[in-house]
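So the chains spell out like this:
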Amino acid sequence: MDTRMHDLVVIGAGPGGYVAAIRAAQLGMNVACVDENPQLGGTCLRLGCIPTKALLESSERFAEASAGLAEHGVKIDGVSLDLAAMLKRKDAVVTGLTAGVAALFKRNKVVRYEGRGRLAGAGLVRVQGKDSLELSAKHVLLAPGSACAPLPGVVPDGDRIGTSSEALAWPAVPPRLVVIGAGYIGLELGSVWRRLGAQVTVVEFLDRILPGTDGEIAREAQKLLRRQGLEFRLGCRVTGAGVEGGECVVTIDGQEPARGARVLVAVGRRPSTSDLGLETAGIVPDDRGRIPVDAEFRTAAPGVYAIGDAIRGPMLAHKASEEGVACVERISLRLRSGQVGAPGLVDHDLVPGVCYTEPEIAGVGKTEEALQQAGVPFKKGVFHFRAAPRARCTGRIDGRVKILAHEKTDRVLGVHIIGSHAGELIAEAAAAMAFGASSEDLARVCHAHPTLAEAIKEAALDVDKRAIHA
Ligand code: NAI
């Protein structure tokens, strides 16, 4: 078999792997990236973050054109949906971005192999697929990502009962949709199909939506989404789903079943670590299939590293990218001295999370519940968007900014936002927290008027009860 040598071989071309490959090439390494899919970019680009956001954008425009513009004095008659065109645009967005990653590989001289990559012992990767060969490398980075977690009793049939992959391409709007799981995927895709006309029921095991999100913000999200027509059945454990008499029936432990034309299963994701040849290098995944790593992303096998959804921490694209950069900068530091700048470090406490519903839900740092549980004394500032002049102008007045700061030191410990553009606004909070800001620091920053970001300044002022417009 043909064997090629590289300084670094990355398995997986998702936002963890491809970003790591480019950064390593920038640092002078001879890098190869192996992925079995012809389109680079991983789940995020092909079947995750990007196509959902494209559909969220289009469906929101449809909803607004259908019902949201009259208050602005814009009358539109006869709005109709061209779902095929909407899906085509989504596909074009994906194709453009995946081609962009291929161009970046070319520009940075990252060698790309198309096939399934498996470890064949430390320092050796076997590629099988369109390209079939063996790669020898001093360093191997595993970035295999994750796949939709199965739910016992529910077998996706690739048609009526599907995962997010299918729900991104349904050819018609289902009259009734049952979503299993009120996490990010369930709420985002549930919103898309609701806006396009489906009756949506979200069935959730817990007594709340968005586990892990700040409770106050999640409660407000539920209220606002309910107002948009999403029906929630909380505290309901789904035990099975099947098609009966032309209709999908979702069985629920001790309760009436939920029925619909289609079912979306969105009960989490699990690491794709089962077919990576880990055993050949003596790497043993934990009970959740995650690869154990140290602070520098080193696995139990010398020269083998892992990042992203395959290791601990939130399964988020940007977390994987940050880890990829930090990991290869550390490898580079070990390879040669004289590197400019210090290698990256990932502060896992400061990974922002965003749910792209309307309004968006975003958070960074600790939730109020986490601080209470840890016994950390804190103060809280809240500002409602309805009091922000810019929100009044846009008409999107729902939601709030909440800032949690240490009672004694005033250091910002968590920022949680529900509101229009919350996903953009949270970046200011993440930057401030990365620099160790206090709420006083945030409150003293001059924010442009009129902007939504003023709500952050006002919430920071409210920490010491001196907000101006509250
Ligand atoms: P999730 O873990 O966020 O939510 C799954 C929900 O399903 C939970 O609330 C859980 O209690 C519920 N559930 C589990 N078993 C159940 C049962 N038998 N009956 C009823 N409910 C049940 O998972 P989700 O939404 O599938 O997302 C997967 C991953 O993808 C997450 O880690 C998320 O961070 C990531 N993601 C991120 C996005 C973003 O950043 N905007 C968008 C989409 C996904």
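Quick summary incoming for the structure in this document. (Residues numbered from 1 in each chain as written. Predicted model: local features only at pLDDT ≥ 70, side-chain atom pairs only at ≥ 80, totals over all residues. Heavy atoms only, no water.)

### Describing the site of the ligand
Taken together, 25 residues sit near the ligand, with Ile 185, Glu 188, Glu 204, Gly 268 and Val 354 positioned nearest. Residue Phe 205 places a main-chain N or O atom 3.0 Å away from a nitrogen atom belonging to the ligand. For the ligand, an oxygen atom lies 3.5 Å from a polar atom in the backbone of Ala 266. When the ligand is considered free in solution it has 850 Å² of accessible area, and contact with the protein chains removes 81% of it. Its residues placed into classes, the shell around the ligand shows 17 nonpolar, three polar and five charged. Counting contributing residues per domain, the shell around the ligand is built from domain 1 (3-147 + 271-337) and domain 2 (161-267), each supplying no fewer than three. (Near = heavy atom within 4 Å. Polar contact = N/O pair within 3.5 Å; in protein donor to acceptor, adjacent residues only side chain to side chain. Areas by Shrake-Rupley, 256 points an atom, 1.4 Å probe, with all protein chains shown as cover. Nonpolar A, V, L, I, M, F, W, Y, C, P; charged D, E, K, R; others polar. Domains from an automatic or database assignment.)

### A short note on the nonpolar core
Among the nonpolar cores identified, the biggest contains 52 residues, and Leu 142 and Ile 291 are the most heavily contacted of them. Within the second largest apolar cluster, 34 residues are counted, among which are Val 192, Val 200, Cys 355 and Ile 361. (Core = buried A, V, L, I, M, F, W, Y, C linked by side-chain atoms within 4.5 Å. Buried < 20%, exposed > 50% of the residue type's maximum accessible area, 1.4 Å probe, protein only.)

### Comments concerning the layout of surface pockets
Roughly 650 Å³ of volume is contained in the second largest pocket. As for the second largest pocket, its lining consists of 23 residues, and the residues nearest its centre are Glu 60, Gly 68, Gln 228, Glu 358 and Arg 396. Across the lining of the second largest pocket, the residue classes break down as six nonpolar, eight polar and nine charged. (1 Å grid on protein atoms, 1.4 Å probe; cavity = no way out; pocket = protein on both sides within 12 Å on 5 of 7 lines; lining within 4 Å. Points joined across faces, edges and corners; volume = space filled by probe spheres on them.)

### Side note on the side chain of Glu 454
The residue Glu 454 is located in helix H13 (residues 454-463) in this model. This buried residue, Glu 454, is left without a salt bridge; Arg 390 holds the nearest opposite charge, at 8.1 Å. Within the structure, the side chain of Glu 454 is placed 2.8 Å from the side chain of His 449, a separation counted as a polar contact. Separated by 3.0 Å, the side chain of Glu 454 and the backbone nitrogen of Thr 451 make a polar contact. Setting aside its immediate chain neighbours within four residues, Glu 454 contacts His 447, Ala 448 and His 449. (Helix = DSSP H or I, 4+ residues; strand = E, 2+ residues; numbered from the N terminus. Lys, Arg positive; Asp, Glu negative; His and termini not counted. Salt bridge = Lys/Arg side-chain N within 4 Å of Asp/Glu carboxyl O. Contact = heavy atoms within 4.5 Å.)

### As for unusual backbone geometry
Pro 359 follows Glu 358 through a cis peptide bond whose omega is 0°. Put simply, His 449 and Pro 450 share a cis peptide bond, and its omega is -5°. Following the sequence through the fold, Pro 450 ends up in the loop between helix H12 (439-444) and H13. One non-glycine residue, Lys 109, lies in the positive phi region at around 60°. Look at Lys 109 and you get exposed, because its relative accessible area is 68%. Although it is not a glycine, His 421 sits at a positive phi angle of roughly 65°. Its location among the elements puts His 421 in the loop between strand S22 (412-419) and helix H11 (422-434). Taking relative accessible area as the criterion, His 421 reaches 45% and is therefore assigned partly exposed.

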